[in-house]
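# Commentary on secondary and tertiary structure
Residue strings, one per chain:
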Amino acid sequence: MTLDDLERLVGVEFPAGEFTIEGYEHWLTTDAIGSPTLPAGVAHPMYAYYAALGGMGLTLDELFAMVGSSAADGPMFGEAGLEFREMMRVGETYRVEGGITGAARKTGRRAGVFDIVSFELRVVDSSGAVAAVSTNSFVFPRRAA
Amino acid sequence: MRVSAGTELPVFEIEVRAAGMKTMAVLLRDPNPIHFDPAAVAALGMGDRVINQGPTNMAYVVNMLVAWAGDPARIRALKVRFLDNVRGGDRVVAGGVVTSVAGDGRHQTAECDVWLDVAGGPRALAGSATVALEADEAAGETPPK
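Source: prediction; values computed, not measured.

## Brief notes about the overall build of chain A
The helix and strand inventory of chain A stands at four helices and five strands. Burial status across chain A gives 46% buried among its 145 residues. Contacts in chain A between residues far apart in sequence, at least 24 positions, make up 70% of those at least 6 positions apart. Accessible area of chain A: about 6,900 Å², with a carbon and sulfur share of 51%.

Rendered as structure tokens:
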């Protein structure tokens, strides 16, 4: 992927998707992550992330392909941010929308050439209010760049 | 609870279970075998223990914040950088410290540095969080620098 191709990704919108916080999945999740007891019906705040990534309108493999990479290239998490605006609730279905917000090419002494691609996902409740915003960046090694 | 710059957040500790990683791999539809197959981890030269999902490491910090705040609705934002891996069998400790308190009398927030450390090992992630305070909690606003 050329630098021009990379920079043209900024502003690309993802297809909208949706995510339902199923009760049994919430139970299993909170058990697996060792959550403290939560108020009845209230989803663990990490559902801002799980709903965003699980409900976005493309798979991670499709996202990686969009930026000219694949899981086999070893993309890594860079940063993750969550903004919690409304409490999310178990049983609710949320719409997920968003897109690519940043793309930059860097060169590290040990890592060589790599790209950092950032994207933002908004988790929207049935009233149209944004319940949470998830921002993430992935680091893509570009061994052949 | 009185909160001011320097207030230490009570730590959240947990032993990371490989079984939890398997559950999360299914729930997150994460096919990466480093989370459930020790042979795959070894084949990649990454040791002999499965590697925890990054978002689960983030969830431990959220658990720490929920336990401290007492109400998940008071957590307003979290941003983290992933620094190192957490492996099955590791004991991890999530912690934090208030760096500043801001806002008017009724709407105050605490800015916090947060982290997740592997006991006897590296820091796995670090970042910052914003937590809303109740009206009588702030012990004093942080003066502007």
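## With respect to helix H2 (residues 23–33) of chain A
A:His26, A:Thr29, A:Thr30, A:Ala32 and A:Ile33 are the residues of H2(A) that are buried. All buried residues of H2(A) lie within an arc of 160° about the axis, which places them on one face of the element. In H2(A), the exposed positions angled more than 90 degrees off the buried face are occupied by A:Tyr24 and A:Trp27. For H2(A), the secondary structure elements touched by its buried residues are helix H3 (47–55) of chain A together with strand S1 (8–15), helix H1 (18–27) and helix H3 (54–69) of chain B. Positive phi shows up at A:Gly34, right after H2(A), with a value of about 70°.

## Quick look at the sheet that holds strand S2 (residues 75–82) of chain B
Hydrogen bonds between backbone groups are what pair the strands of a sheet, and the pairing can be parallel or antiparallel. One open sheet accounts for ten strands, arranged S1(A)-S3(A)-S4(A)-S5(A)-S2(A)-S2(B)-S5(B)-S4(B)-S3(B)-S1(B); its pairing is antiparallel. The strands lining the two open edges of the sheet, one partner per strand, are strand S1 (17–20) of chain A together with S1 of chain B. Averaged over all neighbouring strand pairs, the angle between strand axes comes to 20°, with direction disregarded. Looking at chain direction, S2(B) and strand S5 (residues 123–133) of chain B are connected through seven bridges and run antiparallel. Considered in S5(B), the bridge of B:Phe82 is made with B:Leu125.

## Quick notes on the domain arrangement of chain B
Residue and element names in this part refer to chain B. You can read the domains of chain B as domain 1 (1–16 + 52–145) and domain 2 (18–50). Centre-to-centre separation of domain 1 and domain 2, based on C-alpha positions: 27 Å. At the interface, ten residues of domain 1 touch ten residues of domain 2. Considering only the surface of domain 1 that becomes buried against domain 2, Gln53, Arg87 and Gly88 emerge as the three largest contributors, covering 64% of it. For the pair domain 1 and domain 2, the number of links is one salt bridge. Here Asp90 makes a salt bridge to Arg49, at a shortest N to O gap of 2.9 Å. When the residues that make up the side of domain 1 that touches domain 2 are grouped by side-chain class, the tally is two nonpolar, six polar and two charged.

## Observations regarding a nonpolar patch on the surface
All names here are of chain A. Together, Tyr24, Trp27 and Leu28 make up an exposed nonpolar region whose accessible area comes to about 370 Å². You can see Trp27 is positioned in helix H2. You can call Trp27 exposed: its relative accessible area is 56%.

## Remarks on the interface of chain B and chain A
With 28 residues of chain B at the interface, the matching set in chain A holds 26 residues. A buried area of about 2,200 Å², summed over both sides, lies between chain B and chain A, and 72% of it is on carbon and sulfur atoms. Viewed at the interface, chain A and chain B are joined by one salt bridge. The closest approach of N and O atoms between B:Lys79 and A:Glu79, which form a salt bridge, is 3.9 Å. Our count for the chain B to chain A interface comes out at eight residue pairs in polar contact (both at pLDDT 80 or more). If one sorts the elements of the side of chain B that touches chain A by residue count, H3(B) sits on top with nine residues. Among the residues forming the side of chain B that touches chain A, the class breakdown is 19 nonpolar, four polar and five charged. Judged from the five bridges that link them, strand S2 (residues 76–84) of chain A and S2(B) form a sheet pairing that is antiparallel. Across the sheet, A:Glu79 pairs through a bridge with B:Arg81, a residue of S2(B).

Procedures and definitions
Each chain carries its own residue numbering, running from 1 in the direction its sequence is written. Written order decides the labels, with chains lettered from A and ligands numbered from 1. The predicted origin of the model limits local features to residues at a pLDDT of at least 70 and limits the giving and counting of side-chain atom pairs to 80 or more, whereas totals for whole chains, interfaces and linings rest on all residues. Side-chain metrics rest on all non-hydrogen atoms present in the structure, leaving aside hydrogens and water. Secondary structure elements follow DSSP: runs of H or I no shorter than four residues count as helices, runs of E no shorter than two count as strands, and numbering proceeds from the N terminus. Buried residues are those whose accessible area, probed at 1.4 Å on protein chains only, stays under 20% of the maximum for their type, while exposed residues exceed 50% and partly exposed ones sit between those limits. For this analysis, residues touch if any pair of their heavy atoms sits within 4.5 Å. Shrake-Rupley sampling with a 1.4 Å probe provides the accessible areas, and residues are treated as covered by the protein chains on show and by no other component. What the arc describes is the spread of directions from the helix axis to the C-beta atoms. Strand pairing requires that DSSP identify at least two bridges connecting the strands. Each axis is a line fitted through C-alpha atoms, taken for helices only over the stretch in contact, and angles between the N-to-C directions span 0 to 180 degrees. In this document the domain limits rely on a domain assignment from an automatic tool or a database. By convention, the term buried area covers the 1.4 Å-probe accessible surface removed from two parts as they join, with the contributions of both added. Whenever Lys or Arg places a side-chain nitrogen within 4 Å of a carboxyl oxygen from Asp or Glu, that contact is recorded as a salt bridge. The classification used treats Ala, Val, Leu, Ile, Met, Phe, Trp, Tyr, Cys and Pro as nonpolar, Asp, Glu, Lys and Arg as charged, and all other residues, Gly among them, as polar. Candidate patch residues must exceed 30% relative accessible area and have no salt bridge, after which like charges are joined if within 9 Å and Val, Leu, Ile, Met, Phe, Trp or Tyr side chains if within 5 Å. Here a polar contact means two N or O atoms within 3.5 Å. Within protein one must be a hydrogen donor candidate and the other an acceptor candidate, and residues neighboring in sequence count only if both atoms are side-chain atoms.

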